[in-house]
Amino acid sequence: MSTLVKIDNLHRSFKIDSVTIEVLKGIDMEIKKGEILAIIGASGVGKSTLLHILGTLERPTSGKVYFNEKDVFKLNNDELARFRNKAIGFVFQFHHLLSEFTALENTMMPALINGLSQNDAEKKAKVLLEDVGVGKRLYHKPGKLSGGEQQRVAIARALVLSPELVLADEPTGNLDTHTGDEIHKLLKEINKDKGTTFVLVTHNERLASKADRIVKMVDGKIAQH
């Protein structure tokens, strides 16, 4: 498998008043194209911070992140936003669907932002919502969907621009065991059918055990590969 993302000596610190808190302490890691990688570790070890930097939502204090051999943090903020919207999809524990929009409209949103026509965005969104098993719920708003259905819509939204990488932060953390297993099965199917690379941050070791590879974080560092 070739490398999709390479992380080189990544540090991230935050200053609170006069105190500097080091969250990431020299992360070196590679993510292979087409794999499902799980990042595990206790709360507060830096998993979500690492995911945010991987998703270019925040910049590192120092170190490099290469995406297809391109140093992404050399891009300015506008370029980075365009890159992020096209190349990376996000799925969060709390789905962050917009309550006033239907499942179809929520899924179309990134495509419309990226300049697709209404017609093309709608076609893509409908196919994806069918693929993830909510094709009969297109015109329901989030309040009328179950937790599992909402997360399926969030996954469709993450995939609408065919990103190479999808980052999922506790994607089943808010769901019961059965629904969580269904969501994980869906991610595996998408990975197999589309070749999408997934990075999952999770406390759930059972979920992590189903990934292709597990990375454990301890105190801001990678403890094992």
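A brief look at the structure comes next. (Residues numbered from 1 in each chain as written. Predicted model: local features only at pLDDT ≥ 70, side-chain atom pairs only at ≥ 80, totals over all residues. Heavy atoms only, no water.)

### Some points on the packing of helix α5 (residues 147–159) against helix α6 (residues 177–194)
Direction vectors running N to C along α5 and α6 enclose 20°, while the axes themselves pass 10 Å from each other. The orientation of α5 relative to α6 falls into the category roughly parallel. Between α5 and α6 lies a crossing of right-handed hand. Facing α5, whose interface residues are Gly-148, Gln-151, Arg-152, Ile-155 and Leu-159, α6 presents Thr-179, Glu-182, Ile-183, Leu-186, Leu-187 and Ile-190. Considering only residue class, the contact of α5 with α6 consists of 6 nonpolar, 3 polar and 2 charged. (Axes fitted to C-alpha atoms, helices over the stretch in contact; angles between N-to-C directions. Helix = DSSP H or I, 4+ residues; strand = E, 2+ residues; numbered from the N terminus. Parallel < 35°, antiparallel > 145°, perpendicular 65-115°, else oblique. Left-handed = near helix turned anticlockwise from the far one by under 90°. Contact = heavy atoms within 4.5 Å. Nonpolar A, V, L, I, M, F, W, Y, C, P; charged D, E, K, R; others polar.)

### Some remarks on unusual backbone geometry
We note that Glu-69 has phi near 70°; this positive angle belongs to a residue other than glycine. The residue Glu-69 is located in the loop between β4 (62–67) and β5 (70–71) in this model. Phi angles above zero are rare outside glycine, and Ser-162 is one such case at about 50°. Mapped onto the secondary structure, Ser-162 falls in the loop between α5 and β7 (165–169).

### Remarks on the environment of Glu-189
Within the fold, Glu-189 resides in helix α6. For the pair Glu-189 and Asp-131, spaced 58 residues apart in the sequence, the C-alpha separation amounts to 9.9 Å.

### Thoughts on the pairing of strand β6 (residues 88–92)
Of all 5 residues making up β6, 4 are buried, and the element is well covered by its neighbours. Sheet topology places β6 next to β7; 5 bridges connect them, and they run parallel. Bridging from a neighbouring strand, Ile-88 pairs with Leu-165 of β7. (Buried < 20%, exposed > 50% of the residue type's maximum accessible area, 1.4 Å probe, protein only. Pairing = 2+ DSSP bridges.)

### A few points about the side chain of Thr-102
Summarising the element assignment, Thr-102 is placed in the loop between β6 and α3 (103–113). Relative accessible area serves as the criterion here: at 10%, Thr-102 is assigned to the buried category.

### Concerning the sheet that holds strand β2 (residues 19–32)
One open sheet accounts for 4 strands, arranged β2-β1-β4-β5; its pairing is antiparallel. Only two strands of the sheet have a single neighbouring strand rather than two, namely β2 and β5. In this sheet, β5 lies alongside β4 in antiparallel orientation, the contact comprising 2 bridges. Within β5, the position partnered with Phe-67 by the bridge is Lys-70. Of the strands in this sheet, β1 (3–16), β2 and β4 are in contact with helix α1 (residues 47–54), which crosses β1 at around 120°.

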